[in-house]
Amino acid sequence: MSAGQAVVADEAVVELHLERWRADADVHELRLLASLREPVLDVGCGPGRILAALHHRGRASLGIDLAPSAVREAAARGGAVLCRSVFDPLPREGHWATALLLDGNIGIGGDPAGLLDRVRSLLRPGGEVVAELEPAGGTRLLHARLVVDGNDEHRFPWATVGVGAWEPLAAAAGYTRIRTERVAGRRFGRAVRA
Ligand SMILES: C[S@@+](CC[C@H](N)C(=O)[O-])C[C@H]1O[C@@H](n2cnc3c(N)ncnc32)[C@H](O)[C@@H]1O
């Protein structure tokens, strides 16, 4: 990864508890979703709370996730969802208006620069990536373990990206109109495919 930022790699494993993402989208998330253009690709949609919010508001959207249990839950809540990695071939490549990397999903693949590059290929020109960031720090490469109802579902490479690392990372991946915003204490990075 080469975004001109210090990158720290370690052996840490963060636990991602699927239960945390079973609640409905909150009022702040709904406001964020209202600002997005369609169609929306929710990358790493988990049990589908964001996807359900989009679907129930009639917004064109698709969720993708590697974990079969997450995909089953997301499908049950409504909305279109595929059990697929973001690095696999996907429908409408090059035509998505928005790609979401919420809840730290900029960490998917353990290579934020590579993920942003892949996401750029999924977006149409002028399409936007929206990524949730850590409030501080640079880029940290680690591993995650998805825990579903107390059981290990699967492990995958993961990363965290601090708000200060967003601009150089997105610029190196070829995005323009790069900005960050704060929504109810959470930090989001937004950037547009040139
Ligand atoms: C932080 S959780 C997602 C929470 C979700 N955004 C929500 O609101 O409910 C991270 C998700 O990324 C998924 N994931 C990990 N690697 C992936 C990949 N390569 N492609 C797609 N999804 C992936 C995991 O299975 C997990 O469900």
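Residues numbered from 1 in each chain as written. Predicted model: local features only at pLDDT ≥ 70, side-chain atom pairs only at ≥ 80, totals over all residues. Heavy atoms only, no water.

Caption draft 1: Expanded view of the site of the ligand. Near the ligand lie 20 residues; those nearest to it are Trp-21, Arg-49, Asp-65, Val-86 and Asp-103. With respect to the ligand, the backbone of Cys-45 contributes an N or O atom lying 3.4 Å from an oxygen atom. Within the side chain of Ser-85, an N or O atom sits 3.1 Å from a nitrogen atom of the ligand. Against a free-state accessible area of 610 Å², the protein chains account for coverage of 98% of the ligand. More than half of the atoms belonging to the ligand lie within 2 Å of the grid points that define the largest pocket. Elements with a contribution of two residues or more to the shell around the ligand: α2 (49-56) and β8 (151-161). At three residues, β8 tops the list of elements feeding residues into the shell around the ligand. For the shell around the ligand, the residue count by class is 11 nonpolar, five polar and four charged. (Near = heavy atom within 4 Å. Polar contact = N/O pair within 3.5 Å; in protein donor to acceptor, adjacent residues only side chain to side chain. Areas by Shrake-Rupley, 256 points an atom, 1.4 Å probe, with all protein chains shown as cover. 1 Å grid on protein atoms, 1.4 Å probe; cavity = no way out; pocket = protein on both sides within 12 Å on 5 of 7 lines; lining within 4 Å. Sits in = over half its atoms within 2 Å of the grid points. Helix = DSSP H or I, 4+ residues; strand = E, 2+ residues; numbered from the N terminus. Nonpolar A, V, L, I, M, F, W, Y, C, P; charged D, E, K, R; others polar.)

Caption draft 2: Region of the structure containing the sheet that holds strand β10 (residues 186-193). Pairing in this open sheet of seven strands is mixed, and the strands run β4-β3-β2-β5-β6-β10-β9 from one edge to the other. The two strands at the open ends of the sheet, each matched to only one other strand, are β4 (80-83) and β9 (175-183). Ignoring which end each strand starts from, the neighbouring axes of this sheet average 20° apart. Summarising the sheet, strand β2 (residues 40-43) and strand β5 (residues 96-101) pair through three bridges and their orientation is parallel. Its bridge partner lying in β5, Leu-41 is registered against Ala-99. (Pairing = 2+ DSSP bridges. Axes fitted to C-alpha atoms, helices over the stretch in contact; angles between N-to-C directions.)

Caption draft 3: Broad picture of the packing of helix α1 (residues 27-34) against α2. α2 packs onto α1 with a crossing angle of 60° between their chain directions and a minimal axis gap of 11 Å. Taken together, the axes of α1 and α2 lie oblique to each other. Crossing of α1 against α2: the hand is right-handed. Across from Glu-29, Leu-30 and Leu-33 in α1, the residues of α2 making contact are Arg-49, Ile-50, Ala-53 and Leu-54. (Parallel < 35°, antiparallel > 145°, perpendicular 65-115°, else oblique. Left-handed = near helix turned anticlockwise from the far one by under 90°. Contact = heavy atoms within 4.5 Å.)

Caption draft 4: Fine view of the sheet that holds strand β7 (residues 139-148). If you walk across this open sheet you meet the three strands as β1-β7-β8, and the pairing is mixed. In this open sheet, the two strands that pair with only one neighbour each are β1 (7-17) and β8. The mean inter-strand angle of the sheet, taken between neighbouring strand axes irrespective of direction, is 20°. In this structure, β1 lies alongside β7, joined through eight bridges in parallel fashion. Following the sheet pairing, Val-7 is matched in β7 by Thr-139.

Caption draft 5: Expanded view of helix α5 (residues 163-172). By the burial criterion, the buried members of α5 are Val-163, Ala-165, Trp-166, Pro-168, Leu-169 and Ala-170. Contacts made by the buried residues of α5 are with α4 (112-122), β6 (123-133), β7, β8, β9 and β10. Positive phi shows up at Gly-174, right after α5, with a value of about 90°. (Buried < 20%, exposed > 50% of the residue type's maximum accessible area, 1.4 Å probe, protein only.)

Caption draft 6: Highlighting α2. Among the eight residues of α2, six are classified as buried, and the element is accordingly described as predominantly covered. Turning to α2, its buried residues are Arg-49, Ile-50, Leu-51, Ala-52, Ala-53 and Leu-54. Gly-58 sits one or two positions beyond α2 and adopts a positive phi of about 70°.

Caption draft 7: Molecular detail of the packing of aromatic side chains. The final tally for this structure, using the stated rule, is one aromatic pair. For the cation-ring pair, Arg-92 lies above Trp-96, with the distance from its terminal atom to the ring centre recorded as 5.5 Å. (Phe/Tyr/Trp six-rings, centres within 6.5 Å; stacked < 30°, edge-to-face > 60°. Lys NZ or Arg CZ within 6 Å of the ring centre and 35° of its normal.)

Caption draft 8: Representation of unusual backbone geometry within the structure. Here the amide bond leading from Glu-38 into Pro-39 is cis, since omega sits at 0°, within 30 degrees of zero. The residue Pro-39 is located in the loop between α1 and β2 in this model. With phi around 55°, Asp-103 is a residue other than glycine that occupies positive phi space. Its identity is not glycine, yet Ala-184 carries a phi of approximately 50°, on the positive side. Here Ala-184 is to be found in the loop between β9 and β10.

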